Structure formats: structure tokens, C-alpha cells
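Geometric and topological summary
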Amino acid sequence: MNKNLAFLGLGLMGGPMAANLAQSGHRVKAWNRTPGRPGIEIAKNGGAAIVTSIQEAVETADIIFTCVSDVPDVEEVILGDRGVAKFARSSAIVVDMSTIGREGACKIAAKLQEYNLRFLDAPVSGGDIGAQNGTLTIMVGGDRADFIECQPFFEIMGKNIHLCGPVGSGQAVKLCNQVLCAVHAIALCEAMQMADIQGIDPNLIVEVCSTGAAGSWALSNLGPKIINSDLDPAFPIEHILKDLRLVAETISTSDKNLPGVELADRLFKIVKELDGGKGAKQGIQAMIRAYREAE
Ligand code: NA7
């Protein structure tokens with residue numbers, strides 16, 4: 001396990017993930033595009049060496065983790081003029097942990113083959129708390145041998161690690177995960193509204209319904225946040241909207257439709273526009289505002 005690691009993108013998720021890798025005794029060079037972000041300090045405090053260019057981070061790395069935002073961002077970091085592909089050592093493994101959909105992952109993997117670089121897609125679920133506690137669910141797509149090589153590092157960042165199939169499969173499973181998150185958010189908000197209509201204490205809904213067939217992660221974790229008006233982001237609306245765009249792009253290649261996803265997308269977009277666009281920065285539980293502030 002004596003490997004050199006690079007971690008690119010020290011946001012809400014990447015900062016603590018890099019910190020956990022470094023804290024476990026691994027040599028981690030970590031980079032973030034914008035200096036001064038909180039995640040940089042978090043990674044540094046975990047023991048990562050902070051560097052100021054992708055080149056510096058990856059030129060000695062055996063495994064390169066990326067966790068940035070959207071498809072063009074991952075492409076820029078990995079395939080751009082000053083990106084990973086230009087500077088990485090031949091046969092290094094690039095592990096992208098962002099959510100970018102299957103098509104994006106497959107394109108990057110194909111391009112990296114031209115540089116003799118290996119690729120795994122490894123999107124995660126579990127939010128910032130999961131990233132901090134090293135309890136993420138990690139959905140991996142790619143070659144089994146590459147997966148096995150990276151498994152010890154996945155086990156530091158997560159608790160439930162799954163090889164889902166060839167490259168792109170981790171992303172495919174992650175988009176199903178995001179469909180569940182989005183539709184569960186609707187179910188949660190509507191149960192909260194139903195409690196309100198009937199004059200029932202919403203705490204009772206969380207307490208009672210969590211234990212029965214209606215229980216869900218959303219109800220147990222996001223329910224109390226709605227009740228306490230805590231709309232801070234563990235997972236921001238701007239990211240679920242990005243993911244629902246990826247879902248919509250995927251659906252458009254089929255003859256199917258997902259009306260629940262369409263509704264969630266509409267409700268999240270209403271909240272996104274609130275507070276002069278700052279609604280996009282709130283957590284997905286802020287969907288409740290689409291019900292309450294549109295009343
Ligand atoms: P955050 O907290 O919004 O962080 C995004 C990170 O991505 C942050 O470090 C950004 O750097 C970096 N980023 C975004 N675009 C670029 C480009 N073009 N080049 C370099 N770096 C970039 O997101 P999370 O950590 O919550 O989530 C990351 C991914 O995991 C995302 O796909 C989620 O859906 C799941 P910055 O500080 O802005 O320079």
C-alpha cells in the first residue's frame with residue numbers, strides 16, 4: 001500500500017476525503033483551483049501536502065483522485081491543457097469521484113487510454129458528513145484489477161464499496177441513487193405538508209413513520225432539518241439539479257419518462273431562484289420552500 005496519491009478538488013466532499021487519506025498515513029499531494037477555500041485547510045490539517053498546480057500533484061502519483069463539479073470541470077482537470085493527462089506517470093490510475101453520468105465517464109476513460117492511463121469512475125453518496133466520517137457509499141465502474149488496487153483507499157473514504165461493472169457503471173448506479181434522493185425529497189416535503197394541514201406535530205411524523213414501511217434516510221435525516229429550519233447544504237440544490245440534468249439527458253436516449261423526477265426538478269428550480277438565486281446553495285431539504293413560499 002506504499003503508494004503516492006494525488007487529490008484534486010478540495011470542496012465540501014474532496015477536502016475531508018483527502019484529509020482522511022492523509023490521516024491514514026498515506027502520502028497525499030492535494031490541489032484546489034481557488035486558494036483560500038475551507039477544504040484546503042481541512043486537507044492540510046489531515047496531513048496532505050498542499051500544492052499549487054495539477055502538475056505538481058500528479059507527476060509522482062500512482063493514483064489520482066478527482067472530485068470536482070460537472071462534466072466540463074472534470075474534463076478540464078483531467079484532459080485540459082494543464083490537466084492530469086499531460087503530467088501523470090504512464091499507467092497511473094485516475095479515479096473520478098464526481099457525479100458526471102455514464103457518458104462523461106466513458107469519454108474520459110477512452111481518452112485516457114491514449115495516454116496509457118487507467119480510469120475508474122467512483123461517485124459517492126453520503127454527503128459531507130459521510131465524507132468527514134469516512135462512511136461514504138462508493139459506486140465504482142471499471143476494471144476489476146484496477147478496483148482491487150484502489151480498494152484500500154476506498155475503504156478509508158467509505159464503508160460500502162461496490163464494483164458495479166465496467167467503466168461508467170458507477171455513474172449509472174449513482175444516477176439511480178439521485179433519482180431516489182430527488183423523489184424521496186418530494187415524499188418528505190409532502191408528508192410534512194400533510195402534517196401541517198392536519199395540525200399534527202411534524203416531529204411525530206419523523207418519530208413514528210421512520211420505523212414503519214414509510215421510513216427513509218430522507219425522513220430520518222432531512223425531516224428534522226426541515227422541522228428546525230436548518231436549510232444548510234450537506235448536499236446543495238445546485239448539485240442535485242446538475243444530477244437531474246444528467247438523468248434527463250440519459251432518459252432522452254430512451255422512450256421512457258420519469259414524471260417524479262420532472263416534478264422534483266421543477267420544485268428544486270423554484271427554490272434555486274429564491275433569494276436572488278442564492279436558493280441554489282441551500283441543501284435539498286430546502287425543497288420545502290417550493291411548497292411553503294409558493295402558497
Ligand atoms: P463543491 O463543494 O461545490 O466543490 C467543488 C470543487 O470542484 C471545488 O474544489 C472547486 O474548486 C472544484 N472545481 C469546480 N470546477 C472546477 C474546474 N473547472 N477546475 C478545477 N476545479 C474545479 O462540491 P462537492 O465537493 O460537494 O462535490 C463534488 C462532486 O461530488 C460533485 O460532482 C458532486 O455532485 C459530487 P474551486 O474551489 O471552486 O476553485
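Between helix 9 (residues 169-198) and helix 10 (residues 202-209), whose axes approach to 9 Å, the crossing angle comes to 130°. What the angle tells us is that helix 9 and helix 10 run oblique. Helix 9 and helix 10 meet at a crossing whose hand is right-handed. Across the interface between the two elements, A191, M192 and A195 from helix 9 touch P202, I205 and V206 from helix 10. For the contact of helix 9 with helix 10, the per-class residue count stands at six nonpolar, no polar and no charged.

Moving on to the packing of helix 4 (residues 71-79) against helix 6 (residues 101-113). It is the contact of helix 4 with helix 6, at a shortest axis distance of 11 Å, that shows an interaxial angle of 10°. Compared by their axis directions, helix 4 and helix 6 come out roughly parallel. Crossing of helix 4 against helix 6: the hand is right-handed. Only G104, I108, K111 and L112 of helix 6 make contact with helix 4, whose side of the interface consists of V71, V74, E75, I78 and L79. Of the residues contributing to the contact of helix 4 with helix 6, the split by class is six nonpolar, one polar and two charged.

Glancing now at the site of the ligand. What surrounds the ligand is a group of 21 residues, the closest being N32, T34, R37, S69 and K242. Between the ligand and L10 there is a distance of 3.3 Å, counted from an oxygen atom to a backbone nitrogen or oxygen. In this structure, R37 approaches the ligand through a side-chain N or O atom, which is 2.6 Å from an oxygen atom. Considering the ligand on its own, with 780 Å² of exposed area, one finds that the protein chains cover 89% of that surface. Ranked by the residues each element gives to the shell around the ligand, the list is headed by helix 4, at three residues.

Right, let's talk about the pairing of strand 2 (residues 27-31) for a bit. The pairing of strand 1 (residues 4-8) with strand 2 spans five bridges and is parallel. Within strand 2, the residue paired with A6 across the bridge is K29. You can see the chain leave strand 1, run along helix 1 (residues 14-23) and come back into strand 2, and the turn it takes is right-handed. Here strand 2 pairs with strand 3 (residues 49-50) via two bridges, running parallel. For A30, the partnering residue across the bridge sits in strand 3 and is I50. Note on the crossover from strand 2 through helix 2 (residues 38-46) to strand 3: the handedness is right-handed.

With that out of the way, let us pick up the domain arrangement of the protein chain. Taken as a whole, the protein chain is organised into domain 1 (4-165) and domain 2 (172-292). Tallying the contact residues gives 15 residues for domain 1 and 12 residues for domain 2. Summed over both sides, the interface of domain 1 with domain 2 buries roughly 1,100 Å², with 59% coming from carbon and sulfur. For domain 1, the biggest contributors to the area lost against domain 2 are D70, T99 and M139; these three give 38% of the whole. Summed over the shared surface of domain 1 and domain 2, the number is one salt bridge. In this structure, R245 engages D70 in a salt bridge whose closest nitrogen and oxygen atoms are separated by 2.7 Å. Here domain 1 is connected to domain 2 by six residue pairs in polar contact (both at pLDDT 80 or more).

Another point: a nonpolar patch on the surface. Together, I200, L204 and V208 make up a nonpolar patch on the protein surface, roughly 240 Å² of accessible area in all. Among the secondary structure elements, L204 is positioned in helix 10. With relative accessibility at 42%, the residue L204 sits in the partly exposed group.

Here the focus is helix 8 (residues 144-157). Helix length check: helix 8 (14 residues) gives 19 Å between terminal C-alpha atoms against 20 Å at 1.5 Å per residue, within 8%. At Q151, helix 8 shows its maximal kink, close to 50°; a proline, P152, follows between one and four residues later. Those residues of helix 8 that fall on the buried side of the exposure criterion are D146, F147, C150, F153, F154, I156 and M157.

Core analysis: the biggest nonpolar cluster contains 58 residues, and L8, V58, I64, V84, F268 and M287 have the highest contact counts within it. Broken down by element, the residue count for this core peaks at eight residues, all from helix 9. For this core, the domains that each give at least three residues are domain 1 (4-165) and domain 2 (172-292). Leave out the neighbours within four places in its chain, and F268 touches A182, A185, I237, I240, L241, L244, I284 and M287.

Calculation criteria
Residues numbered from 1 in each chain as written. Predicted model: local features only at pLDDT ≥ 70, side-chain atom pairs only at ≥ 80, totals over all residues. Heavy atoms only, no water. Axes fitted to C-alpha atoms, helices over the stretch in contact; angles between N-to-C directions. Helix = DSSP H or I, 4+ residues; strand = E, 2+ residues; numbered from the N terminus. Parallel < 35°, antiparallel > 145°, perpendicular 65-115°, else oblique. Left-handed = near helix turned anticlockwise from the far one by under 90°. Contact = heavy atoms within 4.5 Å. Nonpolar A, V, L, I, M, F, W, Y, C, P; charged D, E, K, R; others polar. Near = heavy atom within 4 Å. Polar contact = N/O pair within 3.5 Å; in protein donor to acceptor, adjacent residues only side chain to side chain. Areas by Shrake-Rupley, 256 points an atom, 1.4 Å probe, with all protein chains shown as cover. Pairing = 2+ DSSP bridges. Right-handed = clockwise from strand over helix to strand, strands pointing away. Domains from an automatic or database assignment. Buried area = accessible area lost by both parts, 1.4 Å probe. Salt bridge = Lys/Arg side-chain N within 4 Å of Asp/Glu carboxyl O. Patch = residues over 30% accessible without salt bridge, like charges linked within 9 Å, V, L, I, M, F, W, Y side chains within 5 Å. Buried < 20%, exposed > 50% of the residue type's maximum accessible area, 1.4 Å probe, protein only. Expected span 1.5 Å × (residues − 1). Bend = angle between axes of the 7 residues up to and from the residue. Core = buried A, V, L, I, M, F, W, Y, C linked by side-chain atoms within 4.5 Å.

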